[in-house]
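Below are the chains, spelled out letter by letter.
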Amino acid sequence: MSNAADDLVLVINSGSSSIKYQLLNPESGVVVASGLVERIGEQSGAIEHKAGGRTVEHEGPISDHKAGLQLVFDMFAATGHDLTGAGVRAVGHRVVHGGEIFYQPTLITDAVVAAISDLSTLAPLHNPANVTGIRSTRELLPGVPQVAVFDTAFFHGLPAAAKTYAIDADVAMAHGIRKYGFHGTSHEYVAGQVAGLLERDPAELNQIIFHLGNGASASAIRGGHPVDTTMGLTPLEGLVMGTRGGDLDPGILLHLMRSANLDADGIDQLLNRNSGIKGLSGVNDFRELQRLIDTGSESARLAYDVYIHRLRRYLGAYLVELGRVDAITFTAGVGENSPQVRADALAGLESFGIAVDPARNTAKERGARWISPPDSRIPVLVVPTNEELAIARAAHDVVASSENLTEIS
Ligand code: ADP
């Protein structure tokens, strides 16, 4: 692959009122431009576009996703990249839920868009926003092939015992209820990086990965294939997160419906926005939580303790599920940047061959690195995730192979 401009891939992560994007080279990983469109549909819309060491800003109402993308493409043109010309080889879209249908990066057609839209019942907060982003981009870049990369895809083959909820099987079947898992692009990318770092064949490795960002999930991976993960039918299950509480007794919801008169929207608000670290401490950003703890806040301390307790519960579960573990890895905002979380998550586990070296753990490094002592049995690693690069590579590969097929046929 050459480094020509037309080898660049535009990666789009479209939320309900925001669009994150990167234009990058899928081979080298070099990011040519990146940015964020915020508060779409509000009077106070904003865009921050970074290219060539410069940041260009836009402030003002952005009526919808298409208007936001049009402004972004104008900014690209002003900074030397005409995406509507031959400036981009493919667009890769992050799509949250692929259901049972999509388990590979998929070239987008009208039928694919319709199917992603139909999956909105499983991801009402995410898939409609993804579809809006896809439709807008297709209208603005009609000649550019577009690929959907699904957050659920990596976990598609979870073993039946791990993916099945023990509820009425007919109800589960009728409503598509199973564990799907999310953050798959990140878990898969990081698992690959770990194999490279350890200079081992991924097929030989058993791994536990903690993706700890605003959303958080863990995975247990045997020989390159996930055998369990903490998120479920939706991204609400599992670990404690910024605004989501993770595992709950489902009876709590029945209780709230009956005693607090909460309906589906009220429960949605509680579970997605007012729980987790935020629900317990009032702040959802981990740096703020740590500052509150330093000032002696008891609610912040409790939030932290609950967060760590949940991490350790899943660590224990996955150690047993895997039997032998060859690497434990931390990634994403908190996982990459909080030595305290890493140390507390793994404290006191020397008898399991798990330890964190204090000097390595607190070293001011940013790249992939070891944080266990040299003589420790199980390597403990920090590996920066890069979902945009993984999506760009997947999109590039799908487009290249579809072109090959066209040439053969
Ligand atoms: P997202 O899920 O939105 O992609 P990120 O992976 O960017 O999230 O992670 C965001 C989280 O990482 C926030 O809670 C933020 O406070 C936390 N974080 C970022 N830098 C640090 C740091 N230096 N120390 C502790 N937490 C950090």
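Structure: above.
What you see is a predicted model, and the numbers here were worked out from it, not measured in a lab.

A. Molecular detail of the nonpolar core. Of all hydrophobic cores here, the largest spans 43 residues; its most connected members are F210, L212, Y307 and I328. Of all the elements in the fold, those that place two or more residues in this core are β9 (206–212), β10 (216–222), α10 (286–294), α11 (298–322), β12 (327–331), α13 (339–345) and β14 (380–382). The element that contributes the greatest number of residues to this core is α11, accounting for 11 residues. Setting aside residues up to four positions removed in sequence, I328 forms contacts with I208, F210, L315, L346, I354, I378, P379, V380 and L381.

B. View of the packing of aromatic side chains. Considering all chains together, one arrives at seven aromatic pairs under this definition. Plain terms: the ring middles of Y21 and F76 are 5.7 Å apart, the flat faces sit at 55° to each other, and that makes the pair tilted. Of this pair, Y21 sits in strand β2 (residues 19–24) while F76 sits in helix α1 (residues 65–78), and the two are 55 residues apart along the sequence. Members of the aromatic cluster, each reached through a chain of ring pairs, are F286, Y304 and Y307.

C. Looking closely at the site of the ligand. The ligand sits among G213, N214, G215, N284, D285, F286, R287, Q290, A332, G333, V334 and N337. At a separation of 3.3 Å, an oxygen atom of the ligand approaches a polar backbone atom of V334. Expressed as a share of its isolated accessible area of 580 Å², the protein-covered part of the ligand is 71%. Elements supplying a minimum of two residues to the shell around the ligand: α10 and α12 (332–337). Element by element, the count of residues in the shell around the ligand is highest for α12, at four residues. Classifying every residue of the shell around the ligand gives three nonpolar, seven polar and two charged.

D. How the structure looks around the sheet that holds strand β13 (residues 369–370). The strand order β11-β10-β9-β12-β14-β13 describes an open sheet built from six strands, whose pairing is mixed. Only two strands of the sheet have a single partner each, and these edge strands are β11 (225–229) and β13. Those strands touched by helix α6 (residues 184–198) are β9, β10, β12, β13 and β14, and its axis lies near 130° from that of β9. With respect to the sheet, α11 is in contact with β9, β10, β11 and β12, its orientation differing from that of β9 by roughly 160°.

E. A look at the side chain of S376. Its location among the elements puts S376 in the loop between β13 and β14. A relative accessible area of 18% places S376 in the buried class. Side-chain polar atoms of S376 contact the backbone oxygen of G353, separated by 3.4 Å. When sequence neighbours within four positions are dropped, the list of residues in contact with S376 reads G353, I354 and A355.

Conventions and cut-offs
Residues numbered from 1 in each chain as written. Predicted model: local features only at pLDDT ≥ 70, side-chain atom pairs only at ≥ 80, totals over all residues. Heavy atoms only, no water. Core = buried A, V, L, I, M, F, W, Y, C linked by side-chain atoms within 4.5 Å. Buried < 20%, exposed > 50% of the residue type's maximum accessible area, 1.4 Å probe, protein only. Helix = DSSP H or I, 4+ residues; strand = E, 2+ residues; numbered from the N terminus. Contact = heavy atoms within 4.5 Å. Phe/Tyr/Trp six-rings, centres within 6.5 Å; stacked < 30°, edge-to-face > 60°. Near = heavy atom within 4 Å. Polar contact = N/O pair within 3.5 Å; in protein donor to acceptor, adjacent residues only side chain to side chain. Areas by Shrake-Rupley, 256 points an atom, 1.4 Å probe, with all protein chains shown as cover. Nonpolar A, V, L, I, M, F, W, Y, C, P; charged D, E, K, R; others polar. Pairing = 2+ DSSP bridges. Axes fitted to C-alpha atoms, helices over the stretch in contact; angles between N-to-C directions.

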